[in-house]
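# Analysis of the macromolecular model
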Amino acid sequence: MIHAFSARQRPGIIKAFQTSPLDLLVIGGGITGAGILLDAQARGMRAGLVEMQDFAAGTSSRSTKLVHGGLRYLKQLELKLVAEVGRERAIVYRNAPHVTHPVPMLLPLTKGGSLRKWEAALALTVYDFLAGVKPAERRRMLSAAETLRQEPLLDPQDLTGSALYYEYRTDDARLTLEILKAAVRRRALALNYTRATGFLYEKGKISGIVVSDGRTGQTSGIMARQVVNAAGPWVDQVDVMNDAARGDKLFLTKGVHLVVDGSRLPVRQAAYFDTSDGRMIFAIPREGKTYIGTTDTPYHGDMARPPVTEDDTRYLLQSVNRTFPSVKLRSGDVESAWAGLRPLIRQKGKGPGEISRKDEIFSYPSGLLSIAGGKLTGYRKMASRIVDLVARRLGQTDGKSFDSCTTHRITLSGGDTGGMDIEAFVRLNTELGVQHGLDETEAARLSRLYGSNAAQIFAFLNELSGENRQSGLPAGLLAQVRYGLEAEMVTSPADFFIRRTGALYFNISWVRQYWEAVWLYMQTYFGWSYEEAQTYRREMLTELEATSSLALQPD
């Protein structure tokens, strides 16, 4: 059964926002806002969320796509944070195993590197203990010879050994969507392309917000007893609409990632290695590609479209070539790229690498609550802390009482494997896809991407067989598109190819082959006017150009 969450429902959702005041309204549809929405709705609040772009269009689709265990916090002696993040990583995996995958991570150790072998061994032992790492995923220390057998691409010069440990790779945008869908199934309200343009007040206290519909241009008011600003890099911009003196809390840094074909950087497992300037970056294999990142530089430009510059590209490629000298990567090897922003809490006198990644809640006399900082892994605890505060306030002002946080045991959308191990579940679901006419590779890919929701996509295969021939789209792709339109609030080809599938980054040739046919199908599905259709066409062309332009640069 499809749980409808469609752009065709926008008028009804807008009306539902306006029927009566919400208990809680969240501004920002990244992973932090999504987590707050689910937590509040699960406790019995009437909750809603608005996002000015697409869901997860900011930082939550542009991260390193890892559910970190908190190893970097150990270097800053934030032991409590290491333990918390380790526990949270296990919860994310349990609640959404289809979008969270344990992957071995190799940490090469060299003479003069940032870690000596005994330091790495001690740090990872402490990390395993504090983070509650499962026995099968605890660190192993390797000699130089063992390391080269594990990863022959490494430079043997100055290599002293390595540590092999585990991180969890995720699809950050899909994780955000699965959280939102879990909230919507509990009758929460959520709208993308809906910008908060101002606050409403009653006796000096915030009583709601004014929003502008990014698709129609219409403005309206949404009333709410409590408003939380979880707008990520835009937290300061939202806050100054309430208090003009409070727009300097964040220090934004830019993180760039490059994607190359796996044949050009065929690492056997993910690697985390030193750079020449004392930082560390990742090289992570995924779906036949390898992505490299990240940078960490102060940023002051366009927050919606942070650019990937030639300097960013040169830095990452030189770092890879220094660690894996035989690959000789060039800018022409880059197939796609992305840049995201980290909304760090400003700390006087500290640079990007020194600022803590801890989150912080800001409270205003008007009643506004804002939350910033933090990491993807900690989204659930961040949500729990701020919803606890909202619940206390509602108890004081309205006499309402709410349950405590239960999200640690809420299976996210797509995560219901029936108690099976995820690999066994994927095998079973793959058989179902094959029975519906897909080849085994395609059926397995969809099973991993959508988890238990893949069955709904398979059900579309027969239903859409006639449309498949008319649209010119492969059956599996058409079923994905239709599922996105009806169950994931897709409004445009860019929504689908970037935030719902990740294909713009990891399968850009597939996007180039089919995006126009998808655009034409959506034009018919939504009944777009000529002007609307051209707007979405230009949007997709802009995204393609921004993502792939590096591959066209001369070496």
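Cut-offs and rules
Residues numbered from 1 in each chain as written. Predicted model: local features only at pLDDT ≥ 70, side-chain atom pairs only at ≥ 80, totals over all residues. Heavy atoms only, no water. Helix = DSSP H or I, 4+ residues; strand = E, 2+ residues; numbered from the N terminus. Rg over C-alpha atoms; globule rule 2.2 N^0.38 Å. Buried < 20%, exposed > 50% of the residue type's maximum accessible area, 1.4 Å probe, protein only. Contact = heavy atoms within 4.5 Å. Areas by Shrake-Rupley, 256 points an atom, 1.4 Å probe, with all protein chains shown as cover. Lys, Arg positive; Asp, Glu negative; His and termini not counted. Charge placed at Lys NZ, Arg CZ, Asp CG, Glu CD. Pairing = 2+ DSSP bridges. Phe/Tyr/Trp six-rings, centres within 6.5 Å; stacked < 30°, edge-to-face > 60°. Expected span 1.5 Å × (residues − 1). Polar contact = N/O pair within 3.5 Å; in protein donor to acceptor, adjacent residues only side chain to side chain. Patch = residues over 30% accessible without salt bridge, like charges linked within 9 Å, V, L, I, M, F, W, Y side chains within 5 Å. Salt bridge = Lys/Arg side-chain N within 4 Å of Asp/Glu carboxyl O. Axes fitted to C-alpha atoms, helices over the stretch in contact; angles between N-to-C directions. Nonpolar A, V, L, I, M, F, W, Y, C, P; charged D, E, K, R; others polar. Core = buried A, V, L, I, M, F, W, Y, C linked by side-chain atoms within 4.5 Å. Parallel < 35°, antiparallel > 145°, perpendicular 65-115°, else oblique. pLDDT = per-residue confidence, 0-100.

## Let's talk about the overall build of the chain
A count of helical and extended segments in the chain gives 19 helices and 18 strands. Compactness check: the chain gives a C-alpha radius of gyration of 23 Å against a globular reference of 24 Å for 555 residues, within 12% of the reference. For the chain, with 555 residues in total, the buried portion stands at 58%. Long-range pairs, those at least 24 residues apart, make up 72% of the contacts in the chain between residues at least 6 apart in sequence. Approximately 22,600 Å² of the chain is accessible, and the part contributed by carbon and sulfur atoms is 51%. Distance between charge centroids for the chain: 4 Å, based on 69 positive and 60 negative side chains.

## With respect to the pairing of strand 13 (residues 280-286)
In terms of residue burial, strand 13 counts as a mostly covered element, since six of its seven residues are buried. Where strand 12 (residues 270-274) and strand 13 come together, four bridges link them in antiparallel fashion. The partner of Y272 across the bridge, within strand 13, is F282. In this antiparallel pair of consecutive strands, strand 12 and strand 13, the connection spans five residues, and G278 shows a positive phi of 90°. As paired strands, strand 13 and strand 14 (residues 289-293) are joined by five bridges and run antiparallel to one another. Looking at the pairing, R286 lines up with K289 of strand 14.

## Description of the packing of aromatic side chains
Scanning all chains against the criterion turns up 15 aromatic pairs. Relative to Y505, the ring of W338 lies with its centre 4.8 Å away and its plane at 40°, an arrangement referred to as tilted. On the criterion of sequence distance, the pair formed by W338 in strand 16 (residues 334-345) and Y505 in helix 17 (residues 503-506) is long-range, its members being 167 residues apart. Accessibility expressed as a relative area gives 2% for W338, which makes it buried. Aromatic ring contacts, followed pair by pair, group Y291, W338, Y505 and F506 into a single cluster.

## Focus on helix 10 (residues 379-398)
With 20 residues, helix 10 extends 27 Å from end C-alpha to end C-alpha; this agrees with the ideal 28 Å at 1.5 Å per step. Along helix 10, the residues that are buried comprise Y379, R380, M382, A383, S384, I386, V387, V390, A391, R393 and L394. A positive phi of about 70° marks G399, the residue just after helix 10.

## Quick notes on the side chain of E178
Position of E178 among the secondary structure elements: in helix 7 (residues 172-185). Separated by 2.9 Å, the side chains of E178 and K181 make a polar contact. Among all residues touching E178, those that are not within four sequence positions of it are H98, L412, S413, G414, Y450 and N453.

## Re a nonpolar patch on the surface
On the surface, a cluster of nonpolar side chains totalling about 310 Å² of accessible area is made up of W118, L122 and V126. When you line up the elements, V126 lands in helix 5 (residues 117-131). Overall, V126 belongs to the partly exposed group, its relative accessible area being 31%.

## Thoughts on the pattern of salt bridges
One pass over the structure, following the stated rule, counts 35 salt bridges. Note that R482 and E486 form a salt bridge whose closest N and O atoms lie 2.6 Å from each other. In this pair, R482 and E486 are both assigned in helix 15 (residues 475-487), four residues apart and thus about one turn of the helix distant. Across the salt bridge formed by R499 and D495, the nearest N and O atoms sit 3.0 Å from each other. Highlighted residues: R499 and D495, both in helix 16 (residues 493-500), separated by four residues, approximately one helical turn. In this structure D495 comes out as buried when scored by relative accessible area, which is 0%.

## A few points about the packing of helix 16 against helix 19 (residues 530-548)
In a packed pair of helices, the relevant descriptors are the angle between the two axes and the axis-to-axis distance. Contact pair helix 16 / helix 19: the axes reach a minimum separation of 8 Å and the direction vectors enclose 35°. In contact with P493, A494, F497 and I498 of helix 16, helix 19 contributes Y536, E539, M540 and E543. Counted by class, the contact of helix 16 with helix 19 contains six nonpolar, no polar and two charged residues.

## As for helix 16
Of all the eight residues making up helix 16, eight are buried; the element is thus mostly covered by neighbouring parts of the structure. Burial in helix 16 covers these residues: P493, A494, D495, F496, F497, I498, R499 and R500. Check the buried side of helix 16 and you find it contacts helix 7, helix 12 (440-450), helix 15, helix 17, helix 18 (508-526) and helix 19. A positive backbone phi angle near 70° is found at G502, which sits one or two residues after helix 16.

## Digging into the environment of G332
Relative to the helices and strands, G332 resides in the loop between helix 9 (310-323) and strand 16. Residue class for G332 comes out partly exposed when judged on its relative accessible area of 42%.

## Some remarks on the nonpolar core
Of all hydrophobic cores here, the largest spans 79 residues; its most connected members are F17, I36, M45, L175, I209 and V227. Of the residues forming this core, the biggest block, eight residues, is contributed by helix 10. Listed in part, the 69 residues of the second largest apolar core include V85, A163, A443 and A503.

## Some thoughts on the packing of helix 4 (residues 79-95) against helix 10
Close contact between helix 4 and helix 10 brings their axes to 9 Å; oriented N to C, the two are set at 105°. When the interaxial angle is binned, helix 4 and helix 10 end up roughly perpendicular. Note on element contacts: helix 10 touches helix 4 through Y379, R380, K381 and R385, opposite E84, E88, I91 and V92. In terms of residue class, the contact of helix 4 with helix 10 is made up of three nonpolar, no polar and five charged.

## Section: the confidence of the model for the chain
Close reading of the predicted structure is inappropriate where its pLDDT is low. When pLDDT is averaged along the chain, the result is 93, and 96% of the positions lie at 70 or above. Here residues 551-555 is modelled with pLDDT under 50, and outside its nearest four sequence neighbours on either side it reaches ten contacts, counting other chains as well.

## Focus on the environment of L316
Secondary-structure assignment places L316 in helix 9. Taking the relative accessible area as the measure of exposure, L316 reaches 0% and is therefore buried. For the pair L316 and V256, spaced 60 residues apart in sequence, the C-alpha separation works out to 8.6 Å. Ignoring anything within four residues of it in the chain, the contact list for L316 reads V256, H257, L258, I281, I292, G293, T294 and T295.

## Some remarks on the pairing of strand 8 (residues 194-202)
Across eight bridges, strand 8 lies against strand 9 (residues 205-213) in antiparallel orientation. Looking at the pairing, F199 lines up with I209 of strand 9. Where strand 8 folds back onto strand 9 in an antiparallel hairpin, the turn is made up of two residues, including K203, whose phi is positive at roughly 55°.

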